[in-house]
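# An overview of the molecular structure
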Amino acid sequence: MLNSAYAAMQKLAARGLAVGALALTLAGLSAPAVAAPLAGSVIGNQATATYVDENGTPQTTSSNLVETIVAQVAGVDIEATQSNTAAPGETIYFPHIVTNTGNGNDTYTLATTNNGGTFEFANIVIYADANQDGVPDNFTPITITPNLAPGGNYGIIVAVTVPGTAVAGQTDNVTVTTTSVFNGTVTDANTDTVTVTNNAVINVTKAEDITTGPAGFTPVTITLTYTNTGNTTATNVTLTDALNASFAYVPGSGLWSVSNPAPLTDAIGGDAAGIDYSVTGNTVTAIIASVAPGQSGFVRFQVSVIPAAPAGTIPNLVNVSYLDGGGNTVVDTTNTVIFTVTPTVAVDLSDTGSTTDNDGANNDIVTQGPVPQGSTLRYDNVVTNNGNGIDVFNVTFANVSFPAGTSFQLLQADGVTPLTDSNGDGTPDTGPLAPGASTSVFLRVVLPSGATGVGPFDVTKTATSTTDPNVFNTTTDRLTAIATSTVDLTNTSAGVGAPGAGLGPEAAPVTTVTVNPGETASFALFANNTSTVPDSYTLAASTDPTFATLALPAGWTVVFRNASNGVITSTPTIAAGGNFAFTAQVLVPAGNAPVAAPGQSVYFRLASAASGALDIKNDAVVVNAVRDIAITPNNTGQGFPGGAVQYTHTLTINSNVAETAAALTTANSTAQWTSVIYYDANGNGLIDATDPVIDDIADIDALVAGAGLAPGTSYPLIVQVFVPAGAAPGASNTTAVNVAPVAGETNVGNNAANDVTTVVTGDVRLLKTQALDAACDGTADTAFITTPLANAVPGACLVYRVLATNAGSTPVTALVISDTTPALTTYEDCAGACVAVATTGTVTTPLDGGTGQVVNTVGPLAPAGTTTLTFTVRINP
């Protein structure tokens, strides 16, 4: 029983070679280019999407990784059914070979059944024949094989004894059955038949002195041993060995035991009396004139394994015919012997795929540059299998001199999909490559925005054989230089000539703002990107011009806000030569001591984490010497329909007396929106179970003071705003947070803060799920999941589903979802039942049974819009 198409091909080819009736010119039998994955293999896959955002900037995003673990499938083949003649009382040995045709290690039980005939065998025993020479290794019976790896084989001999009472013409047969221990339902069997004769009985066994070697190996000595166990002389004993095409006969190597050591000639009619030995093409023929009862002998010759022999097994046997002395021509075959051609491993990694080199030396240096800071580079290399067998090559990289913080990602041949691990050893690889096959492997390099300098910057990429990890090849990807990025921070306007233009910090304040205690000094600032590439910058403030520490006067706070009054801590990405306007709000606490001109210097800093570009500007605050309660700041945020948004506020006592009571309220500008105020008791910025709902500052006083809230103190509040479930994307609401004026308060402008909430949904996000379709009928058998999928056997199908969602509040354009058939799989259309489909746009796929990209060209996608790509792959059977 064979459990795969490849195993069936093995069996047919082996039988064809055995009888010599098929004109097979196979140079041995090796694994096909698309092999069934071994048990435990991991099939990993990720999808990617490219699109253009609202700013016209190309973007790329990746889905989660989904993995499938290939389950073990049992398979077994036993060769071959045989017939022989025997004299009464003789023991006949039937050689067989058991082969593991499954995809995982397995052992096989062995059993015989005496089927009966016109006589019964006196004894039936199975012996080991590990060297497959047709002779028992010993006479210890066995009932099970050793553990066999996938494709591994083991020789056995079924020995049957004919009783002395049997008479000529009687027959009996025995069936030998082998059964997988992993799966007891998987079996295979041969039946051996014996016919009793009183004439000559010629038994011939074939043996090879060496059964394993590389292509080009020489010599292999083949011995054909013959014995007449019958009662009459056999004549015209003909041994015909049609050598496999992966073998080449060694001229002049023939020997006969009778004439030894004199060599045989290779031409017809040129040998000693009693034998006619000849070689025609790749067929060796020996005709022995006569073999008397009890006489034994051998014919011996040598072959070499041709250099072009592919890795795999070479099965071979000999056809036998003779006249038995009773007027009958007997036709028989010997045991099958198998020579295994070991893989020759060779790999090339280059920018052309043309150079063969296995010593790890650099074949090529792929050079780019100079490039701006923060650039994304892509290096293309070609991995070529220059060995003689299928191989999987692990691909690794080592950063030699690229700046710290550089990120690297290996990509498949499409240049988009991440390179995955197909064999479960934890290292990304090429997947199986047939001899002579090539595949591109890309390395995507993302430079840190802060790195600059002149290189060379090198990263080495190595392809290593998994068949022989000592065989590898390395190439170098090089960057010549990284251009330096710069930035300028100015006041009130942008560009050259604006206040504060040029590299800071300045010796004297550029801009000075005067405020009362408890007030906010606002500074209009511009971030000017003076570099050649887009960049973004973190924002910071300090009284230390070196920014060794982020120090501010006691109680002072600085908040940065964008043009929409939203709190920010960094700028958005600013185009090369562009600028971004924002505000720095410096809050001076209530009760703060006066600060005379020139004021308290506050230094503002722009710093790019990506490029290292930096500028510092010196501004100042003058503080007047005044009673009020303030609630700050105003906020902007985004919320989802049916969700809630939390805004943090600071309640500050700017009075010069303790305050004991003042109502706290909220009001929403849009119907059905609601809100509530919490006192953030532990100040962690989150609503905890112990944070109380409050409606008066007296609630705070009862918790923290008991004698009024002291001047200059501040208290954290959280306003939770609830978005109605039916709120439309783009709709907004303003929540006014108010503290009632106290008696005598002169400044009531800071008694309220506004929280502006906009209903949004995010940006493009990908979610990839997978399900099993065991029958490949177009219907998923399991739920779609993101976690690893187990128990998927070779030949089963996997259904991939990629959901793209525009979670943003603005449309995207040119959306393209890209995926690829992972290693160990091919694209499957289930005879039309599972053709790749998408809810939006067009889909291109490989041909059925092929490999490559699956691309869904979507186009525009509105806010909150979704689209789904579904396609199916089949695990290699």
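Residues numbered from 1 in each chain as written. Predicted model: local features only at pLDDT ≥ 70, side-chain atom pairs only at ≥ 80, totals over all residues. Heavy atoms only, no water.

### Description of the overall build of the protein chain
For the protein chain, the helix and strand inventory stands at 2 helices and 61 strands. The C-alpha radius of gyration of the protein chain comes to 42 Å, more than 25% above the 29 Å expected for a compact globule of 877 residues. Dimensions of the protein chain, computed from C-alpha atoms along their principal axes, come out at roughly 135 × 55 × 45 Å. Buried residues in the protein chain amount to 49% of all 877 residues. Side-chain charges of the protein chain comprise 16 positive and 62 negative groups, with the mean position of each set lying 7 Å from the other. (Helix = DSSP H or I, 4+ residues; strand = E, 2+ residues; numbered from the N terminus. Rg over C-alpha atoms; globule rule 2.2 N^0.38 Å. Buried < 20%, exposed > 50% of the residue type's maximum accessible area, 1.4 Å probe, protein only. Lys, Arg positive; Asp, Glu negative; His and termini not counted. Charge placed at Lys NZ, Arg CZ, Asp CG, Glu CD.)

### Let's talk about the nonpolar core
In a soluble, globular protein the nonpolar side chains are often hidden away together inside. Judged by nonpolar contacts, the single largest core of 34 residues is most densely connected at Tyr277, Val299 and Phe301. Not counting chain neighbours up to four residues away, the residues in contact with Phe301 comprise Val220, Thr221, Ile222, Leu224, Asp241, Leu243, Tyr249, Ser253, Gly254, Tyr277 and Val284. (Core = buried A, V, L, I, M, F, W, Y, C linked by side-chain atoms within 4.5 Å. Contact = heavy atoms within 4.5 Å.)

### Observations regarding the state of the cysteines
Inspection of every chain in the model, using the stated rule, returns 2 disulfides. For Cys776, the disulfide goes to Cys797, at an S-S distance of 2.0 Å. As the torsion about the S-S bond is roughly 105 degrees, the Cys776-Cys797 disulfide counts as right-handed. Residue Cys776 is located in the loop between strand E53 (764-773) and strand E54 (789-792), and its partner Cys797 is located in strand E55 (residues 797-806); the two are separated by 21 residues in the primary sequence. Each of the two residues, Cys776 as well as Cys797, counts as buried. (Disulfide = S-S within 2.5 Å.)

### Quick notes on the packing of aromatic side chains
When we look at a pair of aromatic rings, we describe it by the centre distance and by the angle of the planes. In total, this model carries 12 aromatic pairs according to the counting rule given. Geometrically, the ring pair formed by Phe402 and Phe408 is edge-to-face, given 5.7 Å between the ring centres and 85 degrees between the ring planes. Residues Phe523 and Phe604 carry aromatic rings whose centres are separated by 5.5 Å and whose planes lie at 55 degrees to one another, so their mutual orientation is tilted. Of this pair, Phe523 sits in strand E38 (residues 520-529) while Phe604 sits in strand E43 (residues 595-607), placing them 81 residues apart in sequence. Note on accessibility: Phe523 and Phe604 belong to one class, buried. An aromatic cluster of at least three residues, connected via ring pairs, comprises Phe523, Phe560, Phe580, Phe582 and Phe604. Directly above the ring of Tyr800 sits Lys768, whose terminal nitrogen or CZ lies 4.2 Å from the centroid. In this structure, Arg801 is placed above the aromatic ring of Phe784, and the distance from its NZ or CZ to the ring centre is 3.7 Å. (Phe/Tyr/Trp six-rings, centres within 6.5 Å; stacked < 30°, edge-to-face > 60°. Lys NZ or Arg CZ within 6 Å of the ring centre and 35° of its normal.)

### Quick look at the sheet that holds strand E7 (residues 91-100)
Ordered in space as E5-E7-E10-E9, the 4 strands form an open sheet in which the pairing is antiparallel. Where the open sheet ends on each side, the last strands, each with one partner, are strand E5 (76-79) and strand E9 (123-128). Taking each pair of neighbouring strands and ignoring which way they run, the sheet shows an average axis angle of 25 degrees. (Pairing = 2+ DSSP bridges. Axes fitted to C-alpha atoms, helices over the stretch in contact; angles between N-to-C directions.)

### A look at the environment of Leu377
Turning to its location among the elements, Leu377 is positioned in strand E29 (residues 376-385). We classify Leu377 as buried; its relative accessible area is 5%. Among all residues touching Leu377, those that are not within four sequence positions of it are Gln368, Val371, Leu443, Arg444, Val445 and Leu479.

### Let's talk about the side chain of Thr145
By secondary structure assignment, the location of Thr145 is in the loop between E9 and strand E10 (153-161). According to the relative accessible area criterion, Thr145 is buried, its value standing at 4%. Not counting residues up to four positions away in its chain, the partners in contact with Thr145 are Val98, Thr107, Tyr108, Leu110 and Tyr154.

### Digging into the sheet that holds strand E22 (residues 312-316)
The strands that make up a sheet pair up through hydrogen bonds in the backbone, lying either parallel or antiparallel. What the 3 strands build is an open sheet, ordered E14-E25-E22; its pairing is mixed. Strand pairing shows two members of the sheet lacking a second neighbour, strand E14 (212-214) and E22, which therefore form its edges. Across the sheet, the axes of successive neighbouring strands diverge by a mean angle of 30 degrees, strand direction being ignored.

### As for helix H2 (residues 697-704)
Turning to H2, its buried residues are Ile697, Ile700 and Asp701. Angularly, the buried residues of H2 cover 100 degrees about the axis, an arc narrow enough to put them on a single face. Relative to its buried face, H2 has exposed residues pointing more than 90 degrees away, namely Ala702 and Leu703. Among the structural elements, strand E45 (629-632), strand E47 (644-653), strand E48 (664-668), strand E49 (674-679), strand E50 (714-722) and strand E51 (732-739) are those in contact with the buried residues of H2. Looking at where H2 begins, the residue whose side-chain oxygen comes 2.8 Å from the main-chain nitrogen of Ala698 is Asp696. Downstream of H2 by one or two residues, Gly706 has phi in the positive range, about 90 degrees. (Arc of directions from axis to C-beta. Polar contact = N/O pair within 3.5 Å; in protein donor to acceptor, adjacent residues only side chain to side chain.)

### Notes on the pattern of salt bridges
By the definition in use, this model includes 6 salt bridges. One salt bridge in this structure joins Lys461 and Asp477, with 3.5 Å as the shortest N-O distance. Here Lys461, found in strand E34 (residues 453-465), pairs with Asp477, found in strand E35 (residues 472-483); they are 16 residues apart in sequence, far enough to count as distant. For the pair Lys461 and Asp477, a shared accessibility class is recorded, and that class is buried. Ionic pairing is found between Asp619 and Lys617, a salt bridge with its closest N-O pair at 2.2 Å. Both residues of the pair, Asp619 and Lys617, count as buried. (Salt bridge = Lys/Arg side-chain N within 4 Å of Asp/Glu carboxyl O.)

### Some thoughts on the confidence of the model for the protein chain
The share of residues in the protein chain with pLDDT of 70 or more is 91%, and the mean pLDDT across the chain is 86. This model gives residues 1-34 a pLDDT under 50, and the stretch forms 67 contacts once residues within four places in sequence are excluded. (pLDDT = per-residue confidence, 0-100.)

### Side note on the side chain of Ser465
Here Ser465 shows up in strand E34. Ignoring anything within four residues of it in the chain, the contact list for Ser465 reads Val345, Asp391, Val392, Phe393 and Val471.

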